[in-house]
Amino acid sequence: MTTNQALTVLQEAATFGTSNQKRKLRTILALWGATQADLQEGTILANCTEEEYAKTLELAVKTVGYGV
């Protein structure tokens, strides 16, 4: 899964996910110090390398469970 695909899945989960998936996503964003607006703008985890960013987003997608 590419970084852009993972980011898109998380953005879709914020809108179309179940209440449980949305709760998990809000928890992940809080741990990252990010907001829903940051997610929609794609500006979460700005201080990571591209590799770290991709791995972290992929793990978040698996944790949220939307689109997997």
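Here goes a summary of the coordinates provided. Here the residue index of a chain counts from 1 through its sequence in written order. Since the coordinates come from a predicted model, pLDDT governs what is reported: local features require at least 70, and pairs of side-chain atoms require 80 or more to be given and counted, while whole-chain, interface and lining totals use all residues. Side-chain figures throughout are based on the complete set of non-hydrogen atoms in the structure, without hydrogens or water.

1. A look at the nonpolar core
Right, on to step 1. We call a set of buried residues a nonpolar core when its members are Ala, Val, Leu, Ile, Met, Phe, Trp, Tyr or Cys and they connect through side-chain atoms within 4.5 Å of each other. Summary of the burial criterion: residues with accessible area below 20% of their type's maximum are buried, those above 50% are exposed, and those between are partly exposed, where the area comes from a 1.4 Å probe applied to protein chains only. Membership of the largest hydrophobic core comes to 19 residues, with the highest contact counts inside it found for Leu10, Leu25, Leu39, Ile44, Leu57 and Val64.
Right, on to step 2. Of all elements in the fold, only helix H1 (3-16), helix H2 (19-32) and helix H4 (50-64) reach the threshold of two or more residues within this core.
Right, on to step 3. In this description a helix means any DSSP run of H or I spanning at least four residues, a strand means any run of E spanning at least two, and both kinds are numbered starting from the N terminus. If one sorts the elements of this core by residue count, H1 sits on top with 6 residues.
Right, on to step 4. Once residues within four sequence positions are removed from consideration, Ile44 is found in contact with Leu7, Leu29, Trp32, Ala34, Asp38, Leu39, Tyr53 and Leu57. Any pair of residues with heavy atoms lying within 4.5 Å of one another is described as a contacting pair.

2. A word on H2
Right, on to step 1. For H2, with 14 residues, the first-to-last C-alpha span of 20 Å sits near the 20 Å given by 1.5 Å per residue.
Right, on to step 2. Gln21, Leu25, Ile28 and Leu29 are the residues of H2 that are buried. Considered in projection along H2, the buried side chains sweep an arc of 100 degrees and stay on one side of the axis. Of the residues in H2, the exposed ones pointing more than 90 degrees away from the buried face are Ser19, Ala30 and Leu31.
Right, on to step 3. Buried-residue contacts for H2 involve H1, helix H3 (36-41) and H4.
Right, on to step 4. Gly33 sits one or two positions beyond H2 and adopts a positive phi of about 75 degrees. Helix span, expected: 1.5 Å multiplied by one less than the number of residues in the helix. This arc is taken over the directions from the axis of the helix to the C-beta atoms.

3. Topic: the pattern of salt bridges
Right, on to step 1. Whenever Lys or Arg places a side-chain nitrogen within 4 Å of a carboxyl oxygen from Asp or Glu, that contact is recorded as a salt bridge. Enumeration over the complete set of coordinates arrives at 2 salt bridges.
Right, on to step 2. The salt bridge partner of Lys55 is Glu51, with a shortest N-O separation of 3.1 Å. Here Lys55 and its partner Glu51 are both found in helix H4, 4 residues apart, which amounts to about one turn of the helix.
Right, on to step 3. Between Lys62 and Glu58 there is a salt bridge, and its shortest N-O distance comes to 3.7 Å. Of this pair, Lys62 and Glu58 both sit in helix H4, 4 residues apart, roughly one helical turn.

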